[in-house]
Amino acid sequence: MTKEKPTGPTTTTPLHAVLTRRADAETCADPSSVMTLLGESDGTPGGFTSYRSSFAEGAAGAPAHFHTKASELFFVLSGSLRVLVGEEITTLGEGDFLAVPPRTPHAFAAASGAEADVLFVFTPGLGRFDYLRLLGRVMRGEADPKEIAESANRFDNHYVDSPVWRAALEGSA
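Nothing here was measured: the structure is a model prediction, and the numbers come from that model. (Residues numbered from 1 in each chain as written. Predicted model: local features only at pLDDT ≥ 70, side-chain atom pairs only at ≥ 80, totals over all residues. Heavy atoms only, no water.)

Chemist: So what's going on with the pattern of salt bridges? Which residues, and what values?
Modeler: The full count for this structure, using the stated rule, is seven salt bridges. The salt bridge partner of arginine 133 is glutamate 26, with a shortest N-O separation of 2.7 Å. Residue arginine 133 is found in helix 1 (residues 128-139), and its partner glutamate 26 is found in strand 1 (residues 26-30); the two are separated by 107 residues along the sequence. By relative accessible area, which is 27% here, arginine 133 ends up partly exposed. For glutamate 26, a relative accessible area of 33% puts it in the partly exposed group. A salt bridge links aspartate 161 to arginine 166; the shortest N-O distance between them is 2.9 Å. The exposure class assigned to arginine 166 is partly exposed, which follows from its relative accessible area of 41%. (Salt bridge = Lys/Arg side-chain N within 4 Å of Asp/Glu carboxyl O. Helix = DSSP H or I, 4+ residues; strand = E, 2+ residues; numbered from the N terminus. Buried < 20%, exposed > 50% of the residue type's maximum accessible area, 1.4 Å probe, protein only.)

In structure tokens, the structure reads:
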């Protein structure tokens, strides 16, 4: 009797569980939102970044942008979130889920007159906690806004112009 040899790889990279207790979660705040950094495992198969954002009533979220490598997942825990996907604007409510694939322009903000509490997941993660921290430093005047543009490739976050999104924001002001 002969032994069969495995046809695939014989080594595997073990995945590690990521647990963040509420009391231990880092938060980043700006005048219109609070981000709770939940978990990150970039650089590994199945890598991800996950955080929760609580937006004040009508607060701006992110301007139009896209990711070349990552999918961005949205799950609305409560409230109402207005989202641009491509050229279409839709409003997500409590319990709604949205997955935006790579290279798709998108933007988001709390819907006019509403707060929003949203769970975000990126896969792969690409060390996005550092990007969120950078955004906070820029908002507080502790970092130059040019650093955001300079970090586009590192964090796979590429801003684009969206006349549709600009018009939507101007209409709700």
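Chemist: Break down the nonpolar core for me, citing the residues and quoting the values.
Modeler: Among the nonpolar cores identified, the biggest contains 29 residues, and Phe55, Phe74, Leu81, Phe108 and Val118 are the most heavily contacted of them. Mapped onto this core, the elements with two or more residues apiece are strand 2 (33-40), strand 3 (49-55), strand 5 (71-85), strand 7 (97-100), strand 8 (106-110), strand 9 (116-123) and helix 1. With five residues, helix 1 is the largest single contributor of residues to this core. Every residue in contact with phenylalanine 74, bar those within four places of it in the chain, is listed here: Leu81, Leu92, Asp96, Phe97, Leu98, Val100, His106, Phe108, Val118, Leu119 and Phe120. With five residues, the next largest nonpolar core counts Ala64, Leu84, Ala107 and Trp165 among its residues. (Core = buried A, V, L, I, M, F, W, Y, C linked by side-chain atoms within 4.5 Å. Contact = heavy atoms within 4.5 Å.)

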